[in-house]
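Chains, contacts and geometry: an overview
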Amino acid sequence: MASVNAADWCIICDKPNTSVCNRCKSSRYCSKECQHADWPAHKLLCSAFSKFDIGTRPSKDHVRAISFPFNKERPEIVWLHCPWHDDDDDDFPCQFPASAPIVGKDAFGRTLPVQYNPFLQRKLTDTIHILHRDAALIDGSLPNRSVAAVTATQPYQTLDWRGPILAYGMVGLGVDQVACKDIDMNDFRHVADHLVACGMESKPDIRRNVGEKVKGVRINCLGDQKMFNKPVFEAVEVPSTDPIFTEHETSDIAKRIELPIFTRRCRPYAKWANDEDNKIFQGASPFNNQPATFLHLCCDPNAKFNARTGSMGWGWAPMQWQNGAGSAIIVRQDKKPLFPLHAEALSRYCQYDARAILAHSMGEYAPEEPMQKKTALAMVCRPAFIISWYKLRETKRKEGEDTDAPYPYYDVDFD
Ligand SMILES: [Zn+2]
Ligand SMILES: [Zn+2]
């Protein structure tokens, strides 16, 4: 099963991409706005990249790389020779760029491996190495003008980059990458961000502004579904000032499967709240919201009934999340986008998978020999949810429904 990778994301923000730069056919964006935001840096290399003929590769040991000459106004695309080395101490061969033509024969090259973009707060799928002269600051190297052209596109103080600099890619994220790979214009964005971010004390936060909206999901109760014709799982934009970020409840199960969320109940609409006997509810309460109820099943082995907090103890949703819950909003605690399909998968996992496990631990199946709570807890975990996620997506696909939500753990290690 293919996981979502960085190639599915806008290179500027957290949204899935929908378009590619018309000229270089490499950088991917979600919108014109994001393409516009990338342009000041992108334009320094887009044309050179699109003219660079991949058919001129001198040998299969050459990869496409980005050179930042110290004495030029913009970076360049180059072929980098990366011969395979069979180190005597090592059992496996690896590719090692011939850096002398770039950094000079008199210097050692030092590389900074880049595996994370702090502006995007996202892991890359492969490693980019930024190679520079080891002693560039003290060996008389001149300030690098092509790097300066790139870093000037962002309003931050940056390191004093000196001497020639080279960026190249290697396959994978570990510490022992083996093979070099062609760099592309999305990588160039990561390099541009890294050249800036390296000089900063703290992690930049420029793309998470105060006016930001967080993509969350509203789980509509029966009243909202029937009266206003709303879907059960509705995409909503939650302002970052919403009380959900300060006063909220959470889901134990979501935390266990490593997708921690905040939840809050919505105010009921008078239109259905005062019309409980309406036939369209078929005898059920318009406040009924089973997906939200199951989301709140308690996974604290020591929880006891507590009338003040509403706790009903292990395996139960708190009182306020029982039949009268009404509609609810949920968001990811890390403020990354939560899609309706994520919320649906999570709720279904709670209702059908986790609930059965908890029920067994509560003696519903074998009263004399209930499953131990710690065994039950171990079974409510990320790998189990992932299976449930893929199953739901497959079902949706067969039904011809829209499944373009990304893999829920898109920004962390893939399983
Ligand atoms: Zn974007
Ligand atoms: Zn381009």
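**As for the pairing of strand β7 (residues 109–117)**
Where β7 meets strand β8 (residues 122–133), 8 bridges bridge the pair, whose relative direction is antiparallel. The partner of P113 across the bridge, within β8, is H129. Taking the residues that link successive antiparallel strands as the turn, the β7-β8 hairpin has 4 residues, and the phi of Q121 there is positive, at about 50°.

**Describing the side chain of H42**
By the secondary structure assignment, H42 is in helix α1 (residues 32–42). Relative accessible area serves as the criterion here: at 1%, H42 is assigned to the buried category. Of note is the side chain of H42, whose polar atom sits 3.3 Å from the side chain of S27. The residues contacting H42, other than those within four sequence positions of it, are C21, C24, S27, Y29, M185 and F188.

**As for the pattern of salt bridges**
Where charged atoms from two side chains of opposite charge approach closely, those side chains can pair. Counted by the stated rule, this structure contains 17 salt bridges. Of the charged contacts, one joins D182 and R57 as a salt bridge, the two residues approaching to 2.7 Å between their closest N and O atoms. Here D182, found in the loop between β10 (180–181) and α5 (185–197), pairs with R57, found in the loop between α2 (46–51) and β3 (62–68); they are 125 residues apart in sequence, far enough to count as distant. D182 gets classed as partly exposed once you look at its relative accessible area, which sits at 21%. Here R57 falls in the partly exposed class, since its relative accessible area comes to 30%.

**Overview of the coordination of the zinc ion (ligand 1)**
Those donors, C10 (SG), C13 (SG), C30 (SG) and C34 (SG), are the protein atoms that reach the zinc ion (ligand 1), and they lie 2.3 to 2.4 Å from it. Classification of the site at the zinc ion (ligand 1) rests on its 4 donor atoms, whose angles at the metal span 101 to 117°, yielding the label tetrahedral. Sequence positions of the residues that donate to the zinc ion (ligand 1) give the spacing C-x2-C-x16-C-x3-C. In this pair, C13 is assigned in the segment before β1 (19–20) and C30 in the loop between β2 (28–29) and α1, connecting sequence segments 17 residues apart. With respect to burial, C13 and C30 carry one shared label: buried.

**Side note on the sheet that holds strand β14 (residues 261–265)**
Reading across the sheet, the 5 strands line up as β12-β11-β17-β14-β13 and stay open at both edges, with antiparallel pairing between neighbours. Unpaired on one side and paired on the other, β12 (233–239) and β13 (249–250) mark the two borders of the sheet. In terms of strand pairing, β14 meets strand β17 (residues 328–332) through 5 bridges, oriented antiparallel. Each bridged residue has a counterpart across the sheet, and for I261 the counterpart in β17 is R332. Lying over the sheet, helix α10 (residues 340–361) contacts β11 (213–219), β12, β14 and β17, oriented at roughly 115° with respect to β12.

**Overview of the packing of α10 against helix α12 (residues 382–398)**
Contact pair α10 / α12: the axes reach a minimum separation of 9 Å and the direction vectors enclose 115°. Judged by the twist between their axes, the crossing of α10 over α12 is right-handed. Between α10, through L341, H342, E344, A345, L346, R348, Y349 and D353, and α12, the contact on the second element is made entirely by A384, F385, S388, W389, L392, R393 and K396. Considered class by class, the residues forming the contact of α10 with α12 number 8 nonpolar, 2 polar and 5 charged.

**A few points about the domain arrangement of the protein chain**
When its domains are assigned, the protein chain resolves into domain 1 (6–197) and domain 2 (213–398). When each unit is reduced to the centre of its C-alpha atoms, the spacing between domain 1 and domain 2 is 44 Å. Facing the 4 residues of domain 1 at the interface are 4 residues of domain 2. Of the roughly 300 Å² buried where domain 1 meets domain 2, counting both sides, 68% is carbon and sulfur surface. Considering only the surface of domain 1 that becomes buried against domain 2, D14, K15 and Q121 emerge as the three largest contributors, covering 76% of it. Seen at the junction of domain 1 and domain 2, the total is 1 residue pair in polar contact (both at pLDDT 80 or more). Of the residues that constitute the side of domain 1 that touches domain 2, the class distribution is 1 nonpolar, 1 polar and 2 charged.

**Structural notes on α12**
Its 17 residues place the ends of α12 24 Å apart at the C-alpha level, agreeing with the 24 Å of an ideal helix rising 1.5 Å per residue. Of the residues making up α12, those classed as buried are R382, F385, I386, S388, W389, Y390, L392, R393 and K396. At the C-terminal side of α12, G400 shows a positive phi close to 75°.

**Things to note about a nonpolar patch on the surface**
A cluster of nonpolar side chains, namely W84, F92 and V178, defines an oily patch on the protein surface of about 260 Å² accessible area. By the secondary structure assignment, W84 is in strand β5 (residues 84–85). Look at W84 and you get partly exposed, because its relative accessible area is 42%.

**As for the pairing of β3**
Counting buried positions along β3 gives 7 out of 7 residues, so the element sits mostly inside the fold. Burial along β3 is two-sided: H62, R64, I66 and F68 and V63, A65 and S67, pointing in opposite directions, are all buried. Relative to strand β4 (residues 76–81), β3 runs antiparallel, the two being bridged by 6 bridges. Following the sheet pairing, I66 is matched in β4 by I77. Of the strand pairs in this sheet, β3 and strand β9 (residues 165–170) are connected by 3 bridges, and their pairing is antiparallel. Bridge pairing links I66 to A167 in β9.

Reading guide: rules and limits
- Residues numbered from 1 in each chain as written.
- Chains lettered and ligands numbered in written order.
- Predicted model: local features only at pLDDT ≥ 70, side-chain atom pairs only at ≥ 80, totals over all residues.
- Heavy atoms only, no water.
- Pairing = 2+ DSSP bridges.
- Helix = DSSP H or I, 4+ residues; strand = E, 2+ residues; numbered from the N terminus.
- Buried < 20%, exposed > 50% of the residue type's maximum accessible area, 1.4 Å probe, protein only.
- Polar contact = N/O pair within 3.5 Å; in protein donor to acceptor, adjacent residues only side chain to side chain.
- Contact = heavy atoms within 4.5 Å.
- Salt bridge = Lys/Arg side-chain N within 4 Å of Asp/Glu carboxyl O.
- Donors = N, O, S within 2.8 Å, 3.2 Å for Na, K, Ca; no water.
- Tetrahedral: all angles 85-135°; square planar, octahedral: opposite > 155°, others 65-115°.
- Axes fitted to C-alpha atoms, helices over the stretch in contact; angles between N-to-C directions.
- Left-handed = near helix turned anticlockwise from the far one by under 90°.
- Nonpolar A, V, L, I, M, F, W, Y, C, P; charged D, E, K, R; others polar.
- Domains from an automatic or database assignment.
- Buried area = accessible area lost by both parts, 1.4 Å probe.
- Expected span 1.5 Å × (residues − 1).
- Patch = residues over 30% accessible without salt bridge, like charges linked within 9 Å, V, L, I, M, F, W, Y side chains within 5 Å.
- Areas by Shrake-Rupley, 256 points an atom, 1.4 Å probe, with all protein chains shown as cover.

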